[in-house]
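# Survey of secondary and tertiary structure
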Amino acid sequence: MIGTATYVSKIDLLRGYYQVTLTHNAQGILVVVTFQRMLNKITRNMEETKAHLEDIIELADTLEEHLRRLQHLFQQLQPTGLVINQAKCDFARGTVTYLGHIVGQGKTAPRTPKLDVTLNVSSPLDKRSLRRFLGMACF
């Protein structure tokens with residue numbers, strides 16, 4: 001449904017996983033996993049809500065349904081104390097950029113600038129350039 005939704009909202013969580021409180025010893029190791037698990041728990045019963053690190057995407061075919069789902073999402077986020085970065089959010093749009101792709105209105109496509117860079121990259125010639133290429137490809 002990601003590509004076919006008429007209304008799409010992207011919610012950015014301020015400082016992402018830095019909002020999770022862990023012991024000093026666990027911070028470097030578990031914070032990302034703990035944060036993702038927390039988001040998965042919040043969104044587990046929300047069929048058209050997807051979360052990946054600090055970005056949450058909400059999808060719907062009608063504006064009324066979209067607003068209802070957003071309200072439900074915000075109600076679930078409120079008790080967690082997670083803060084939304086309103087400046088980086090897009091609400092009730094036809095398409096949004098999510099995880100490097102343009103999604104909505106029947107489309108799921110990579111953003112053109114990233115696609116151009118990927119298609120025009122030169123072949124790796126040494127170990128260092130191979131690592132750089134693999135890092136870019138995984139991004």
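Look up: the structure comes first, before these words.
Quick look at the structure, then. (Residues numbered from 1 in each chain as written. Predicted model: local features only at pLDDT ≥ 70, side-chain atom pairs only at ≥ 80, totals over all residues. Heavy atoms only, no water.)

## Regarding the sheet that holds strand β3 (residues 55-60)
The four strands are arranged β2-β3-β1-β4 in an open sheet whose pairing can be described as antiparallel. The sheet terminates laterally at β2 (49-52) and β4 (90-93), the two strands that pair on one side only. Here the strands of the sheet are splayed against their neighbours by 10° on average, with no regard to which way each runs. (Pairing = 2+ DSSP bridges. Helix = DSSP H or I, 4+ residues; strand = E, 2+ residues; numbered from the N terminus. Axes fitted to C-alpha atoms, helices over the stretch in contact; angles between N-to-C directions.)

## Description of the environment of Q105
Structurally, the position occupied by Q105 is in the loop between β6 (101-104) and β7 (107-110). Owing to a relative accessible area of 44%, Q105 belongs among the partly exposed residues under this scheme. Spatially, the C-alpha atom of Q105 lies 8.7 Å from that of V8, the residues being 97 residues apart in sequence. (Buried < 20%, exposed > 50% of the residue type's maximum accessible area, 1.4 Å probe, protein only.)

## Concerning the environment of L59
With respect to the helices and strands, the residue L59 is situated in strand β3. Relative accessible area serves as the criterion here: at 0%, L59 is assigned to the buried category.

## Some thoughts on the side chain of K10
Mapped onto the secondary structure, K10 falls in strand β1 (residues 7-12). Although K10 is buried, it makes no salt bridge; D90 carries the closest opposite charge, 4.1 Å away. Among the polar contacts listed, one links the side chain of K10 to the backbone oxygen of T97, at a separation of 3.1 Å. Setting aside anything within four residues of it in sequence, one finds K10 in contact with I56, K88, C89, D90, V96, T97 and Y98. (Lys, Arg positive; Asp, Glu negative; His and termini not counted. Salt bridge = Lys/Arg side-chain N within 4 Å of Asp/Glu carboxyl O. Polar contact = N/O pair within 3.5 Å; in protein donor to acceptor, adjacent residues only side chain to side chain. Contact = heavy atoms within 4.5 Å.)

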